[in-house]
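What follows is each chain in one-letter form.
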Amino acid sequence: MEKLGFEPASPRSTVRRLARRASYDPEQVFAILDAGLVAHVSFVHDGHPFVIPMAYARQDRELMLHGAAASRMLEVGASGAAMSACVTILDGLVYARSAFHHSVNYRSVVVLGRAREVTAEADKRAFLDALVDRFSPGRSRLVRAPNAKELHATRVLALAIDEASAKIRTGGPADDAEDMGVPVWTGQLPVAIRSMSHIPTPDDAPRFPLPVRPRGVD
Ligand SMILES: Cc1cc2nc3c(=O)[nH]c(=O)nc-3n(C[C@H](O)[C@H](O)[C@H](O)COP(=O)(O)OP(=O)(O)OC[C@H]3O[C@@H](n4cnc5c(N)ncnc54)[C@H](O)[C@@H]3O)c2cc1C
């Protein structure tokens with residue numbers, strides 16, 4: 001893969017605590033972004049930092065976001081202001097012998113960059129299709145495409161993945177030798193997003209095949 005700007009990491013996107021868990025490898029960063037479902041996007045408005053949860057899809061080196069044309073976050077982003085986004089996948093809870101060594105297993109990415117507004121109709125449509133397909137692969141071909149009014153009411157931003165870091169923790173607790181005699185269960189509780197049975201709408205949904213589950217949802 002062609003080198004991206006975040007390999008090697010810039011000083012401000014370098015993980016400092018437990019740096020051995022960090023990665024600046026674009027393939028690893030992209031794999032986590034492609035496995036996640038929610039990005040927490042941050043921006044500064046009127047001098048105050050805000051964080052907003054958003055659906056997203058990665059397209060090449062950009063994190064694509066969308067919302068109402070009047071959305072404050074999208075307005076700030078469209079102005080070219082600096083933003084960051086964090087995607088976290090919780091993989092497990094880690095139980096140690098000491099309170100201090102309890103931990104979580106996770107895969108996370110922090111992206112720093114600036115966004116551009118996507119205005120070309122074909123590009124907007126391509127992203128909105130990708131987002132629908134993120135809910136269920138192939139679904140954008142089955143549903144009615146956005147009409148002109150809906151497209152107009154929707155703002156699409158592409159946040160450049162200029163600088164990014166991944167951090168990954170796996171495995172069991174890292175207990176201290178002097179705690180090994182503490183009489184308590186230790187180990188991991190793996191966790192994942194689990195879907196349950198589909199709940200059809202009462203009209204005609206049962207006549208059609210169920211949507212395929214998305215990546216990252218068991
Ligand atoms: C999983 C998930 C995915 C989402 N995906 C999208 C998306 O793709 N596009 C989209 O436009 N919106 C999405 N939303 C909704 C999004 O988080 C905002 O609520 C939405 O953008 C509307 O913001 P606003 O313009 O009303 O408020 P803003 O002007 O952005 O925020 C005003 C204030 O409202 C409060 N607030 C706003 N949103 C939330 C929230 N979610 N939870 C708690 N407090 C909040 C905060 O105090 C914030 O400072 C998603 C929410 C979730 C939880």
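Our subject is the structure listed above.
The paragraphs below set out a description of the structure included in this document. (Residues numbered from 1 in each chain as written. Predicted model: local features only at pLDDT ≥ 70, side-chain atom pairs only at ≥ 80, totals over all residues.)

Description of the nonpolar core
- Grouped together as the largest cluster of nonpolar side chains are 32 residues, with contacts concentrated most on L63 and L159.
- Among the elements that take part in this core, strand β7 (residues 103-118) stands out by supplying five residues, more than any other. (Core = buried A, V, L, I, M, F, W, Y, C linked by C-beta atoms within 7 Å. Buried ≥ 20, exposed ≤ 12 C-beta atoms within 10 Å, placed from the backbone. Helix = DSSP H or I, 4+ residues; strand = E, 2+ residues; numbered from the N terminus.)

As for the environment of I89
- Along the chain, I89 falls in strand β6 (residues 82-95).
- Sequence-wise, I89 and V15 are 74 residues apart; in three dimensions their C-alpha atoms are separated by 17 Å.
- If near-sequence neighbours (up to four positions away) are discounted, I89 is found in contact with I32, A35, G36, Y106 and R107. (Contact = placed C-beta atoms within 7 Å.)

What about the pairing of strand β8 (residues 154-160)?
- For β8, a buried count of five out of seven residues is recorded, marking the element as mostly surrounded by other parts of the structure.
- Pairing of strand β5 (residues 62-68) with β8 involves seven bridges; the strand directions are antiparallel. Note on β8: the bridge partner recorded for A68 is T154.
- The pairing of β7 with β8 spans four bridges and is classified as antiparallel. Its bridge partner being in β8, A115 is matched across the sheet by L159. (Pairing = 2+ DSSP bridges.)

Considering the site of the ligand
- Residues in close proximity to the ligand include V38, F50, I52, P53, M54, A55, H66, G67, A68, S71, R72 and M73, which together make up its full environment.
- Mapped by element, the contributors of at least two residues to the shell around the ligand are β3 (48-55), β5 and α2 (72-78).
- Looking at the shell around the ligand element by element, the count peaks at five residues for β3.
- When its residues are assigned to classes, the shell around the ligand shows eight nonpolar, three polar and one charged. (Near = placed C-beta within 6 Å. Nonpolar A, V, L, I, M, F, W, Y, C, P; charged D, E, K, R; others polar.)

Structural notes on helix α3 (residues 121-135)
- Helix length check: α3 (15 residues) gives 22 Å between terminal C-alpha atoms against 21 Å at 1.5 Å per residue, within 8%.
- Tucked into the core, α3 has its buried residues touching β4 (57-59), β5, β7, α4 (148-153) and β8. (Expected span 1.5 Å × (residues − 1).)

Remarks on the pairing of strand β2 (residues 38-45)
- Here β2 runs beside β3; their pairing, made up of eight bridges, is antiparallel. The residue of β3 that forms the bridge with H40 is P53.
- Between the antiparallel neighbours β2 and β3 lie two residues, among them D46 with a positive phi of about 50 degrees.
- Bridge count for β2 against β6 is four bridges, and the pairing is antiparallel. By the bridge assignment for β6, A39 is matched with V87.

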